[in-house]
Amino acid sequence: MLSSLCKNVGYTNADITVYCDGPRDNDDLEDVLATRKIVREFLPEANIVEREENMGLARSIISGVSEQCKKYGRVIVLEDDLILSPVAINYFNQGLERYSESEKVMHISAYMFPVNQTLPSSFFYREATCWGWATWERAWQYFESDSEVILDYVLKNKLSYEFDIEDSMYFLSMLRRQLKGELDSWEIRWYGSMFMQ
């Protein structure tokens, strides 16, 4: 991911913050330290946040997005296992600018699941894919961390079919697993937060 980020048009003008989670246990420490070293080598100008504790993906994303939205009013989120198109940063920045005042647009995604039809280069879709995305503080303020609130909303309003995108996805099942503690996903809660809006 770091190599593809550095090849992006617009990368040199970006304020970059890298969140490095802490080790889960002593066995992880050496790998965590090696990863942090690589990050410093690739991105010497970046603000690198090195967590002492292991927050896990969900807490780390929620915390990092909240911090960046508060600081900049918007954020582009890239997880460490992505390979970016050389125009990814420009794509996000153009979308963030174009839809900055559009209350109905809460999330910009860079990934779409494979479909059996030709799609336009950009389009509206109400799911929140997490493989490269961006949002604004005005949208992130609606993030609901309590899965029960989201589930209650869906069930009371008889919106299960819509929540599962006309039964093409399993989001309600994911939300129930999140509620039971079988899953720790920020993404299902972010999707649910947008769905409620």
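Parameters and conventions
- Residues numbered from 1 in each chain as written.
- Predicted model: local features only at pLDDT ≥ 70, side-chain atom pairs only at ≥ 80, totals over all residues.
- Heavy atoms only, no water.
- Helix = DSSP H or I, 4+ residues; strand = E, 2+ residues; numbered from the N terminus.
- Buried < 20%, exposed > 50% of the residue type's maximum accessible area, 1.4 Å probe, protein only.
- Contact = heavy atoms within 4.5 Å.
- Core = buried A, V, L, I, M, F, W, Y, C linked by side-chain atoms within 4.5 Å.
- Phe/Tyr/Trp six-rings, centres within 6.5 Å; stacked < 30°, edge-to-face > 60°.
- Salt bridge = Lys/Arg side-chain N within 4 Å of Asp/Glu carboxyl O.
- Patch = residues over 30% accessible without salt bridge, like charges linked within 9 Å, V, L, I, M, F, W, Y side chains within 5 Å.
- Areas by Shrake-Rupley, 256 points an atom, 1.4 Å probe, with all protein chains shown as cover.
- Axes fitted to C-alpha atoms, helices over the stretch in contact; angles between N-to-C directions.
- Parallel < 35°, antiparallel > 145°, perpendicular 65-115°, else oblique.
- Left-handed = near helix turned anticlockwise from the far one by under 90°.

Asker: So what exactly am I meant to see when it comes to the environment of Glu-137 here?
Answerer: If you trace the backbone, Glu-137 turns up in helix 5 (residues 137-140). The class for Glu-137 is partly exposed, based on a relative accessible area of 39%. Taking C-alpha positions, Glu-137 is 24 Å from Phe-163, a pair spaced 26 residues apart along the chain. Once you skip the residues sitting within four places of it in the chain, Glu-137 turns out to touch Cys-69, Lys-70, Gly-73 and Arg-74.

Asker: What is the right way to read the nonpolar core from this model?
Answerer: Generally speaking, soluble globular proteins have nonpolar side chains that are buried together. Residues Val-65, Trp-133, Trp-140, Phe-163, Trp-186, Trp-190 and Tyr-191 are the most contacted members of the largest nonpolar core, which totals 30 residues. Every element with two or more residues in this core is listed here: helix 3 (56-72), strand 3 (74-77), helix 5, helix 6 (147-156), helix 8 (171-180) and helix 9 (186-196). The element that contributes the greatest number of residues to this core is helix 9, accounting for six residues. Non-local contacts of Trp-133, meaning those with residues more than four positions away in its chain, are made with Ile-61, Val-65, Val-75, Ile-76, Val-77, Phe-92, His-107, Ile-108, Ser-109, Trp-140, Trp-186 and Trp-190. By size, the runner-up hydrophobic cluster in this structure holds 13 residues, among which are Tyr-11, Leu-43, Leu-84 and Ala-88.

Asker: Explain the packing of aromatic side chains to me, please; I cannot follow it from the model alone.
Answerer: One pair of aromatic rings is described through two measures. These are the centre distance and the angle between the planes. Counting across every chain of the model gives 15 aromatic pairs. Ring geometry for Phe-143 and Trp-190: centres 6.5 Å apart, planes at 40°, overall tilted. Of this pair, Phe-143 sits in the loop between helix 5 and helix 6 while Trp-190 is found in helix 9, placing the two residues 47 residues apart along the sequence. Accessibility expressed as a relative area gives 0% for Trp-190, which makes it buried. Put simply, the rings of Trp-133, Trp-140, Phe-143, Trp-186 and Trp-190 pair up and form one aromatic cluster.

Asker: Could you clarify how one ought to interpret the pattern of salt bridges in this entry?
Answerer: It is possible for side chains bearing opposite charge to pair when their charged atoms get close. Under the defined criterion, the tally for this structure stands at 10 salt bridges. Ionic pairing is found between Arg-24 and Asp-28, a salt bridge with its closest N-O pair at 2.9 Å. A relative accessible area of 65% means that Arg-24 is categorised as exposed. The shortest N-O distance in the salt bridge between Lys-37 and Glu-41 comes to 3.8 Å. Linking Lys-37 with Glu-41, this pair stays in helix 2 (residues 29-42), spanning four residues, or about one helical turn. The network of salt bridges with common partners includes Arg-36, Arg-40 and Glu-50.

Asker: Can you walk me through a nonpolar patch on the surface in this structure?
Answerer: Nonpolar side chains collect at one region of the surface, where Phe-113, Val-115, Leu-119, Phe-123 and Tyr-125 lie side by side and expose about 370 Å² of accessible area between them. Looking at the secondary structure, you find Tyr-125 in the loop between strand 4 (108-109) and strand 5 (133-136). Classification of Tyr-125 as partly exposed rests on a relative accessible area of 33%.

Asker: Sorry if this is basic, but what is going on with the packing of helix 8 against helix 9 here?
Answerer: Each pair of packed helices can be summarised by the angle the axes make with each other and by the distance between the axes. Relative orientation of the contacting elements helix 8 and helix 9 amounts to 120°, with a least axis distance of 10 Å. Accordingly, the angle class assigned to the pair helix 8 and helix 9 is oblique. The handedness of the crossing between helix 8 and helix 9 comes out as left-handed. Of helix 9, the residues touching helix 8 (which contributes Phe-171, Met-174, Leu-175 and Gln-178) are Ile-188, Arg-189 and Tyr-191.

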